[in-house]
Structures are given as C-alpha cells and as structure tokens.
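Remarks on the overall topology
Single-letter residue listing:
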Amino acid sequence: MNKITSLFNIKYPIIQGGMIWNSGYKLASAVSNAGGLGLIGAGSMYPEVLREHIQKCKKATDKPFGVNVPMLYPNIEEIINIIIDEGVKIVFTSAGNPKTWTSFLKEKGITVIHVVSSSKFALKAQEAGVDAVVAEGFEAGGHNGREETTTLTLIPMVKEQISIPLIAAGGIATGRGMLAVMVLGADGVQVGSRFAASTESSSHDNFKKTIIEVEEGGTQLTLKELAPVRLIKNKFYNDVQELYAKCPTPEDLKTLLGRARAKRGMFEGDLIDGELEIGQIAGLIHDIKPAANIIEDMMTEFEIAKQEVAHL
Ligand SMILES: Cc1cc2nc3c(=O)[nH]c(=O)nc-3n(C[C@H](O)[C@H](O)[C@H](O)COP(=O)(O)O)c2cc1C
C-alpha cells in the first residue's frame, strides 16, 4: 500500500486521466476492474449523458471509480449535482480554481483531487483542502499549462511545496516512466495518451490508429491565447500555424477553432479538419490494446525496472 492506493482503495497507483471523447464508462470501468482508478471524463458529456455513464459504470465495476470535471466547460453546477446525486465518491477537477468546488464536494464526503501545472497552483489546491494533487507536465496530451514546465522539473518542485499526496502526469506510458516519476517524489501516476489508444477508449478508430503512427516531435502545444492544448500536427494544426503567421487576435483564433473541433477529430474520426489531442509520449505508443493489458504491462515493467536500478 502507498498513499495513493490507500487514498482510493485500489491495487495499483495508476489513474486513467479523464479525457474528453475517450473516457466513457467502458474505459473507466475496465481500468478500475484491472486494479487502477478509472475516471469518466465529464468534459465532453451533457449532464444527462454523464448520469448514464455513471450508472453504467456502477454496473460494470464494483471497484472505486471517479469523474473528471474540467471547470472550463459549461453546465458545471448541473454536473456536480449529478455526481452527488449518483453517489460518486471521487472527483478530479481541472482547468479552474480549486477553491470553487472543493469544500462543497468535501462536505458531501467526496475525495477531491485537483490537476495543476505549476507548484504555485499545487499550493493553492492544497490550501483549498484537496486530498491530492495531479501535477501535469508540458508533455501531456490535452489542455495544459502556459509555462511549459516539463514533468521532470515539475514533480520535484511541487514535491518541495506540498505535503499531501502527489500524482504525476505527462509523458508516462510505461513502467519505467512510472518508476522515474516516483523516484522524483510522486506517489502515483495519471496516464492519458496510453489509455486513449486502448480498446475500450470511446474515440474513433481513425484517431486510435493515428496515435500509434505519431512519431517523436509529432505534437505541439498551441492555441495558448485561448486554452493551451497539445495537438497532433495535422491539417487543422497547420491551419492554426498559418493563421499565427498573420498575427491573429484571440477572436480570429476562436473563429478558426469554431465549435466541436475536438469531437470532430477524436470522436468522429476526421483526421484532416478535426482537433486531435495527444501527448508527446504517443511516439512511444505502438499498439492499441485492452486497458487491463496496459496496466499489467506497466506493472511488470515497473517491477523489472525497480530490480535493475537496485544494481546501480
Ligand atoms: C485526448 C485527451 C483528452 C483529455 N481530456 C482531458 C479532460 O477532459 N480533462 C482533464 O482534466 N484532462 C484531460 N486530458 C489530460 C489527461 O487527463 C492526462 O492528465 C494527460 O493525458 C496525461 O499526460 P499523457 O497524455 O502524457 O499521459 C486529456 C488528454 C488527452 C490525451
């Protein structure tokens, strides 16, 4: 047992990050059944769709699972009410101020974790009363911090500032990566990209196949003026870069982005004009496999790597 496995009552300190258009109940329950902590990603769900996923997840697993709530999306109050109503016990908040919902959720007996990209915000989250912090480096897929702090530097800096359990995210897809961040001070890991390329991910097969084709250097953090996001360099990404060359206003960028780009790319499989969110570690992801195998392989490699470093 370590701080993370005992906080969530799970077998392995591996959390599957909430991911819009990827992490419905099928992925979350598969991860939880395999001994990790699965999270339903509420960010791409209408409130009633979220309710349905929570109910299906309860049927698909008797293990703990949680919901990820990115606070930048609308309908937050409705989403929070559904989470409470359905008796969800674990909530990961992201993309917003941890003060907004933490004490309210804690009063309802919910374990609250907040995702940050700097030690300043890790400290703010601790002050807001969260139970643990996810510190996410610049390598990560999805929305990200503007400062471009890498996981390798972020984890020890956050560790220096906070006393509550620390979960590392960004660039972790293997047991070796997991061991590395735990040596730096993390108590557990949150993994996104690796699980996006899983059998149970709800994303389109076109997107999953593209993830395994991404090579080193195939992604870039962009759209910092709106909400910084790491994207695969497809035509849509190139359109954004072309617009940047013309010194656009945030309004111009918003107009180009339009509505539902992420859904179009990741859920509907439009590889040309869709927004394809993935982390740098995609360069190390070479297959689509069941979530249980991802976890098993990570833990096997973790144990082997531990033996190896003992000889250093
Ligand atoms: C496709 C995709 C969608 C994501 N959506 C969300 C989200 O809705 N909420 C959130 O807090 N993080 C989101 N993330 C971040 C993940 O939860 C996780 O922290 C991150 O992927 C970890 O880095 P990695 O991709 O290098 O494993 C997303 C990541 C990806 C790849």
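From a predicted model like this one, the values you see are computed outputs, not experimental measurements.

With respect to the sheet that holds strand β10 (residues 219–222)
Strand order in the open sheet formed by 3 strands is β7-β11-β10, and the pairing between neighbours is antiparallel. Both edges of this open sheet fall to β7 (142–143) and β10, since each of them pairs with a single strand only. Pairing of β7 with strand β11 (residues 229–232), which is carried by 2 bridges, proceeds in the antiparallel orientation. Counterpart to H143 in the pairing with β11 is V229. Each of β10 and β11 touches helix α11 (residues 235–244); the most contacted strand, β10, lies at about 45° to it.

Focus on the sheet that holds strand β6 (residues 132–136)
Spatial ordering of the open sheet is given by β1-β9-β8-β6-β5-β4-β3-β2, a layout of 8 strands whose pairing is parallel. At either margin of the open sheet sits one strand with a lone partner, and together these are β1 (14–16) and β2 (38–41). Averaged over all pairs of adjacent strands, the angle between their axes in this sheet comes to 25°, without regard to strand direction. Contacts from helix α6 (residues 119–128) reach β5 (111–116) and β6 within the one sheet, and its direction differs from that of β5 by about 165°.

What about the pattern of salt bridges?
Evaluated as defined, the whole model comprises 18 salt bridges. Here R176 and E308 are joined by a salt bridge, their closest N and O atoms 2.9 Å apart. Of the two residues, R176 sits in helix α8 (residues 175–183) while E308 sits in helix α14 (residues 291–310), which places them 132 residues apart along the sequence. With a closest N to O distance of 3.2 Å, R264 and D270 form a salt bridge. By sharing partners, the salt bridges in this structure join E48, R51, K58, D85 and E86 into a single network.

Regarding the packing of aromatic side chains
Scanning all chains against the criterion turns up 3 aromatic pairs. Sitting above the plane of the F138 ring, R230 keeps its charged end 4.7 Å from the centroid.

Some details on the pairing of β11
Covered by surrounding structure in β11 are V229 and L231 together with R230 and I232, the residues of both alternating faces. Bridge count between β10 and β11: 4 bridges; the pairing is antiparallel. Bridging across to β11, T222 finds its partner in V229. Between β10 and β11, which pair antiparallel in sequence order, lie 6 residues; one of them, L223, sits at a positive phi of approximately 55°.

Describing the site of the ligand
N68, S94, E136, G171 and S193 are the nearest of the 23 residues found near the ligand. In this structure, Q190 approaches the ligand through a side-chain N or O atom, which is 2.7 Å from an oxygen atom. Between the ligand and G192, the relevant distance is 2.8 Å, taken from an oxygen atom to a main-chain nitrogen or oxygen of the residue. Protein contacts shield 96% of the accessible area of the ligand, which totals 600 Å² for the unbound molecule. Elements supplying a minimum of two residues to the shell around the ligand: β3 (65–70) and β9 (188–191). Both domains that furnish three or more residues to the shell around the ligand are identified here as domain 1 (6–203 + 289–310) and domain 2 (212–281).

Scoring rules and cut-offs
- Going along each chain's sequence as written, the residues are numbered from 1 onward.
- It should be noted that, the model being predicted, local features are given only for residues of pLDDT at least 70 and side-chain atom pairs only at 80 or more, the latter also being counted only at that level, while totals for whole chains, interfaces and linings use all residues.
- In computing side-chain properties, one takes all heavy atoms of the structure into account and sets aside hydrogens as well as water.
- In short, DSSP must find at least two bridges between two strands for them to pair.
- Where helices and strands are cited, they refer to DSSP runs of H or I of at least four residues and of E of at least two residues respectively, numbered from the N terminus.
- Contacts are assigned to residue pairs that have any heavy atoms within 4.5 Å of one another.
- What counts as an axis is a line fitted to C-alpha atoms, over the stretch in contact for a helix, and the angles between N-to-C directions run from 0 to 180 degrees.
- Salt bridge criterion: a side-chain nitrogen from Lys or Arg within 4 Å of a carboxyl oxygen from Asp or Glu.
- Ring pairs shown here join Phe, Tyr and Trp side chains whose ring centres sit within 6.5 Å, with only the six-membered ring taken for Trp; geometry is labelled stacked below 30 degrees between planes, edge-to-face above 60, and tilted in between.
- Comment: the charge-over-ring label is applied if NZ (Lys) or CZ (Arg) is within 6 Å of the ring centre and within 35 degrees of the ring normal.
- Relative accessible area decides the class of each residue, using a 1.4 Å probe on protein chains only: under 20% of the type maximum gives buried, over 50% gives exposed, and in between gives partly exposed.
- When we say a residue is near a molecule or strand, we mean one of its heavy atoms is within 4 Å of it.
- Counting of polar contacts relies on pairs of N or O atoms within 3.5 Å, with two restrictions inside protein: one atom must be capable of donating a hydrogen and the other of accepting it, and residues adjacent in sequence are counted only when both atoms are side-chain atoms.
- Reported accessibility uses the Shrake-Rupley method at a 1.4 Å probe radius. Residues are deemed covered only where the shown protein chains occlude them.
- All the domain ranges listed were derived from an automatic or database domain assignment.

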